[in-house]
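Chain and residue survey
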Amino acid sequence: MNIDLKTLTISEASELLASGKISSVQLCSDYIERIEKIEPEIKAFVYFDKESVLKSAEESDIRRKKGEHFGSFDGIPVSVKDLICVKDQPCTCGSKMLKDVHSPYDATVVTRLKEKGFIIFGRNNMDEFAMGSTCENSSYYPTKNPWNLNRVPGGSSGGSAAAVAASEVPASLGSDTGGSVRQPAAFCGVVGLKPTYGRVSRYGLVAYASSLDQIGPIAKDVHDAAILLDMISGKDHLDSTSLDKEDVCFADVVKSAGNSLKGMKIGMPKEYYIEGALDESVFADIKQTEKLFKELGAEIVEVSLPHSKYALASYYIIATAEASANLARFDGIRYGHRSQDSNNLHELYLNSRKEGFGAEVKRRILLGTFVLSSGYHDAYYLKAQKVRTLIREDFNNAFKKCDLILSPISPCPPFEAGTLLDPLQMYLADIYTISVNLAGICGISVPSDIVKNLNVPLGIQLIGPAMGESKLLKAAKVFEDNRTIRKFVPNL
Amino acid sequence: MKYDVVIGLEVHVQIKTKSKMFCSCPASFGEEPNTSICPVCTGYPGVMPVPNYEAIKKTIIAGIMCGCEIPELSKFDRKSYFYPDMPKNYQITQYDLPFCQRGEIHIFGKGFSGNMMEEKYIHMTRIHLEEDVAKSVHFSTFSGIDYNRAGVPLMEIVSEPEISSADEAYAYLTTLKQIMQYAGISDCDMEKGQMRCDVNISLKPSGQIEFGTKIELKNLNSFRAIHRAINSEIERQQDILLSGGKLQQETRGWNDDRMTSYLMRVKESAHDYRYFPEPDLTPICFSKEDIENLKKELPELPEIKAKRFVSDYGLTEYDAAVITSEKNLADYFDDGAKKTSAPKILANWVISELLRELSNANISINEVKISSDDMAKLVNMISINTISGKIGKTVFAEMFETGKAPEEIVREKGLVQVSDEPEIESFVAKSIQENPMQVEQYKTGKTAVIQYFVGQVMKLSKGKANPQAVQKMLKSKLDA
Ligand SMILES: [Zn+2]
């Protein structure tokens, strides 16, 4: 049968495979064909190995024929952001620094997907070392927004979001340190989930800011995001910060979400809705969403996150401090880019890092090194940690009054490509997503509307407490089923 | 002018564990370069550390044995600096919440130089746990890095600047080593780099409160070298100060062959290590109950063991000190002593025979072929006169060589001591008959000549006769 990739979800693909209407080889071949057709315009991938994908698809089909398949998702392709390690594949983090570096091992999320028969379907473009909000800070090429090629897909998991939106792959795994899954998902009209810190193992995720990083799924709909979360979450002995999974199947929670949010309290932080802080289109979208939630039976309550205004400063201090140490290992000694004209060890370090890293990465390493330096450590790093504690308490207090929090993802629709040149302006656009990482809680981005004159989607954010994914996914699903626009499909 | 010597020691001890601190690579020594490595201990992108609880437990045990306080909350931190032997260019170590805080080492008795030391407690500031770095090897045109050592659990033990002589430093280190060995924490073999020591040393005019200029000594490869280096450094500093010179803060290396130190580097501006809490590891909490449970598992301290050997086995303090100087030797003796009614004789044999042979053969007590059981059996055979002490030495030599049981050797060689009257009687009769001149001497009062007869009988019996029985019988025959 003909497969309509543009709307195909993981759950539908799974049913088609189970019924024998399609094979994994056919599914993968169709995606490959689509990639070959539209990838030159989108540039969402940095690595794709057609041969190995088809080989895996054949193996999956053989398993299924014998009745030995690894569960119902065997043979379905999923791509990963270029900072998640897959054995024997390059893992470059969008950086020249790691251009020829291959991973000697699988990330835990990759192991878990492979165990379920998922086919790792290439690697997606990203802002170098996950530092950026546009996917333009890649050492390869900028990725385009499939809705409007003059707009950015968001970042840093821009390649993942664009690939899913452009139906080059049904889903992808990204990483979210300050919004890097949720914001590109919103910009591309797909679903992006940032799980609770510790819910998904970080083993095999190249670290940007270890206390904030979390791997999350980018998918066509809430159900698919839940399916992937089921697959990848849970305690991992290789990541001692990972958490045990409670006895729940998120996919089932979504399936039985129903069509009402009666009894649910949705908080709206008063600090988030100051006039003029939001683009008109975003403000209108939030108002419309608020109305819809009310209609669905939810109670809207005002909550306060009084320390929100310090979140951005706190975030950029903590994230860059950790990054300055995490990225220290890229020195040209053991692997990665090594400068060819150095006369001694010191020069080798300097030149390798000078040539290997892009400007934004250097900026953040310098910032992080500075805030940890003796004499500045207490005023910056320590202060930022204290603010972080206050922000966490803000959310704890807010969640005493509500089940979930409704907020925008970005203060504005997707930026025009090549226009966000001022780094500070870029940092400011993270304002609605970073607090979730600082607090270690969960958040989801769900497409909500389309800005007609720009032809770009908008997304809303729902925020849940730590380990509150069940509630979060349920509300997201009910919203998804009742929003005005049924399906978000770009014209490609 | 008289000067006070102020010494502080910074000791690094590799903890004996199956695997490295944060990965599952074997923590072994002497493998081919870069064979005990994995993505974690070579700092590959994406890897995460997983703490080795055996190493943490051993650090806490070391702390308890040194009388440290064990805080309920500890954590790991990152210490940043660039060097090729640091795979991540930061080291996972402990900054402000180490596993053990404050402790002490009791030193007393005769020092290494032979002089008596004042009994005192040297305090330690802290014991913390970290990962060892790799080993750089420099060749003529390039340098190599062996990552086998990278990530091996390493304890850092920092003393207060309370040591005031080379003897005290030596005693502190010896006691520390003993404790580590006793607790099974480390073999502390300095040659293998399992124990490393940096010495901070300064002089100040007697009675002055503020410290003098601190000199750091490195490249110290044995306790003996440390003793020599400290004495040499005290002399060097004293000479400079007495001649009106000024010291500069510097790091000096020790050349043990030439018995002199050399300037390595003058103190640069302080390193900024930019410590911050390791976000890849959660803080580690110990309840009072955890600590109490660990205390139950603690091995006996060497000092306590020596006291027990004196009271239970009747050893002299000196013998007990010699035997407890090394844990394995003490255990060996302790095992044997439980199986003999003559522990004092066993101690003599261990100290005079066994230790000598070990040193001749240049092997450790772990490698000896004689089991402690067999050693006890040998002592038992001697103490109940199955064999004589002299034959015992022959038997011991063969045991040492082959590891055979003493009774087997005695049986094979027919060395059983003859206490049997008729057999001895015939030897006695024969010796009297063959030596009329000596009989005459005896009869005229030169009774000491009886030893001559004993010797004759022993010769006739090929050493197997029991000398006491022989003497008794000779006496009665000659006196008759
Ligand atoms: Zn390893």
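Residues numbered from 1 in each chain as written. Chains lettered and ligands numbered in written order. Predicted model: local features only at pLDDT ≥ 70, side-chain atom pairs only at ≥ 80, totals over all residues. Heavy atoms only, no water.

It is worth spelling out the overall build of chain B at this point. Within chain B one finds 15 helices and 15 strands. Over its C-alpha atoms chain B spans a radius of gyration of 30 Å, topping by over 25% the 23 Å that the globule rule assigns to 480 residues. The dimensions of chain B, computed from C-alpha atoms along their principal axes, are 95 × 55 × 55 Å. Classification of the 480 residues of chain B by burial places 50% in the buried group. A separation threshold of at least 6 residues defines the contact pool for chain B, and within that pool the share at least 24 residues apart is 68%. For chain B, the exposed surface amounts to about 23,000 Å²; the carbon and sulfur share of it is 51%. A distance of 4 Å separates the average location of the 58 positive side-chain charges in chain B from that of its 68 negative side-chain charges. (Helix = DSSP H or I, 4+ residues; strand = E, 2+ residues; numbered from the N terminus. Rg over C-alpha atoms; globule rule 2.2 N^0.38 Å. Buried < 20%, exposed > 50% of the residue type's maximum accessible area, 1.4 Å probe, protein only. Contact = heavy atoms within 4.5 Å. Areas by Shrake-Rupley, 256 points an atom, 1.4 Å probe, with all protein chains shown as cover. Lys, Arg positive; Asp, Glu negative; His and termini not counted. Charge placed at Lys NZ, Arg CZ, Asp CG, Glu CD.)

So, on to the overall build of chain A. A count of helical and extended segments in chain A gives 16 helices and 11 strands. In terms of overall dimensions, chain A is globule-like: its C-alpha atoms have a radius of gyration of 21 Å, near the 23 Å expected for 492 residues. Along the first, second and third principal axes, the C-alpha atoms of chain A reach 65 × 55 × 45 Å. Split into buried and exposed, the 492 residues of chain A put 64% on the buried side.

Turning our attention to a nonpolar patch on the surface. A cluster of nonpolar residues, Phe370(A), Tyr376(A) and Tyr380(A), forms a patch on the protein surface that exposes about 270 Å² of accessible area. With a relative accessible area of 33%, Phe370(A) lands in the partly exposed category. (Patch = residues over 30% accessible without salt bridge, like charges linked within 9 Å, V, L, I, M, F, W, Y side chains within 5 Å. Salt bridge = Lys/Arg side-chain N within 4 Å of Asp/Glu carboxyl O.)

In this section: the coordination of the zinc ion. All names here are of chain B. The zinc ion binds to the protein through Cys23 (SG), Cys25 (SG), Cys38 (SG) and Cys41 (SG), with metal-donor distances spanning 2.3 to 2.4 Å. Here the zinc ion is ringed by 4 donor atoms whose angles at the metal span 100 to 114°, and the overall shape comes out tetrahedral. When the donor residues of the zinc ion are listed from N- to C-terminus, their spacing reads C-x1-C-x12-C-x2-C. Each member of the pair, Cys23 as well as Cys25, carries the same accessibility label: buried. (Donors = N, O, S within 2.8 Å, 3.2 Å for Na, K, Ca; no water. Tetrahedral: all angles 85-135°; square planar, octahedral: opposite > 155°, others 65-115°.)

Glancing now at the environment of Val13(B). All names here are of chain B. Inspection of the secondary structure puts Val13 in strand 1 (residues 3-14). Judged by its relative accessible area of 0%, Val13 is buried. Aside from chain neighbours lying at most four places away, what touches Val13 is Pro153, Leu154, Met155, Ile157, Met180, Ser186, Cys188, Gln194 and Met195.

For the rest of this paragraph, the subject is helix 5 (residues 158-165) of chain A. Residues and elements named next belong to chain A. The element helix 5 is extensively covered by neighbouring structure, given that 8 of its 8 residues are classed as buried. Residues Gly158, Gly159, Ser160, Ala161, Ala162, Ala163, Val164 and Ala165 constitute the buried set of helix 5. In the stretch just after helix 5, Ser167 is the one whose phi turns positive, near 55°.

Okay, the interface of chain B and chain A next. Accessible area lost upon the coming together of the parts serves often as the stated size of an interface. Taken together, the 33 residues of chain B in the interface contact 38 residues of chain A. At the junction of chain B with chain A, the criterion picks out 1 salt bridge. A salt bridge links Asp280(B) to Arg202(A), with the nearest nitrogen and oxygen atoms 2.9 Å apart. Seen at the junction of chain B and chain A, the total is 18 residue pairs in polar contact (both at pLDDT 80 or more). Secondary-structure elements contributing two or more residues to the side of chain B that touches chain A are strand 3 (77-80) and strand 14 (276-277) of chain B. (Polar contact = N/O pair within 3.5 Å; in protein donor to acceptor, adjacent residues only side chain to side chain.)

For the rest of this paragraph, the subject is the sheet that holds strand 12 (residues 250-255) of chain B. All names here are of chain B. With mixed pairing, 8 strands are arranged side by side in an open sheet as 5-6-9-1-10-11-12-13. Each edge of the open sheet carries a strand with a single partner, namely strand 5 (100-107) and strand 13 (260-266). The average undirected angle you get between the axes of adjacent strands in this sheet is 30°. In terms of strand pairing, strand 11 (residues 215-218) meets strand 12 through 4 bridges, oriented parallel. (Pairing = 2+ DSSP bridges. Axes fitted to C-alpha atoms, helices over the stretch in contact; angles between N-to-C directions.)

Further remarks concern the pairing of strand 9 (residues 404-408) of chain A. Residues and elements named next belong to chain A. Among the 5 residues of strand 9, 5 are classified as buried, and the element is accordingly described as predominantly covered. Along strand 9, one buried face is formed by Leu404, Leu406 and Pro408 and the opposite face, lined by Ile405 and Ser407, is buried too. Of the strand pairs in this sheet, strand 9 and strand 11 (residues 456-464) are connected by 4 bridges, and their pairing is antiparallel. Along strand 11, the bridge assignment pairs Pro408 with Ile460.

A separate point is the side chain of His12(B). Residue and element names in this part refer to chain B. Structurally, the position occupied by His12 is in strand 1. For His12, a relative accessible area of 13% translates into the label buried. In this structure the side chain of His12 is engaged in a polar contact, spanning 3.4 Å, whose partner is the side chain of Glu130. Of note is the side chain of His12, whose polar atom sits 2.9 Å from the side chain of Glu156.

On to helix 3 (residues 50-65) of chain A. All names here are of chain A. Taking 1.5 Å of rise per residue, the 16 residues of helix 3 would be expected to cover 22 Å, and the 23 Å separating its terminal C-alpha atoms lies within 8% of that figure. Those residues of helix 3 that sit buried are Val53, Ala57, Ser60, Asp61, Arg63 and Arg64. With its buried residues spanning 160° around the axis, helix 3 presents them on a single face. In helix 3, those exposed residues whose orientation departs by more than 90 degrees from the buried face are Glu51, Lys55 and Lys65. In the core, the buried residues of helix 3 are packed alongside helix 1 (10-19), helix 2 (24-42) and strand 3 (119-124). In this structure Asp49 caps helix 3, since a side-chain oxygen of it lies 3.3 Å from the backbone nitrogen of Glu51. (Expected span 1.5 Å × (residues − 1). Arc of directions from axis to C-beta.)

Moving on, we get to the nonpolar core. Among the nonpolar cores identified, the biggest contains 235 residues, and Phe129(A) and Tyr172(B) are the most heavily contacted of them. Per element, the largest residue contribution to this core is 10 residues, and it comes from helix 10 (residues 311-326) of chain A. Residues within four places of Tyr172(B) in sequence aside, it is in contact with Leu9(B), Val11(B), Ile105(B), Ile107(B), Ile122(B), Met124(B), Ile157(B), Ser159(B) and Ile163(B). Core analysis: the second largest hydrophobic core is formed by 36 residues, Ile365(B), Ile387(B), Met399(B) and Val410(B) among them. (Core = buried A, V, L, I, M, F, W, Y, C linked by side-chain atoms within 4.5 Å.)

So, on to the environment of Thr444(B). Residues and elements named next belong to chain B. Looking at where Thr444 falls in the secondary structure, it is placed in the loop between helix 13 (436-443) and helix 14 (450-460). Residue class for Thr444 comes out exposed when judged on its relative accessible area of 58%. The spacing of Thr444 and Gln14 is 430 residues in sequence and 73 Å in space, taken between C-alpha atoms.

Quick look at the packing of aromatic side chains now. Residues and elements named next belong to chain B. Taken as a whole and assessed by the stated rule, the structure comprises 37 aromatic pairs over all chains. Geometrically, the ring pair formed by Phe309 and Tyr313 is tilted, given 5.5 Å between the ring centres and 45° between the ring planes. Pair noted here: Phe309 and Tyr313 are both in helix 5 (residues 302-313), with a separation of 4 residues, about one helical turn. Given a relative accessible area of 12%, Tyr313 falls into the buried group. The cationic tip of Lys88 hangs over the ring face of Tyr90; the distance from NZ or CZ to the ring centre is 5.4 Å. Directly above the ring of Phe223 sits Lys177, whose terminal nitrogen or CZ lies 5.4 Å from the centroid. (Phe/Tyr/Trp six-rings, centres within 6.5 Å; stacked < 30°, edge-to-face > 60°. Lys NZ or Arg CZ within 6 Å of the ring centre and 35° of its normal.)

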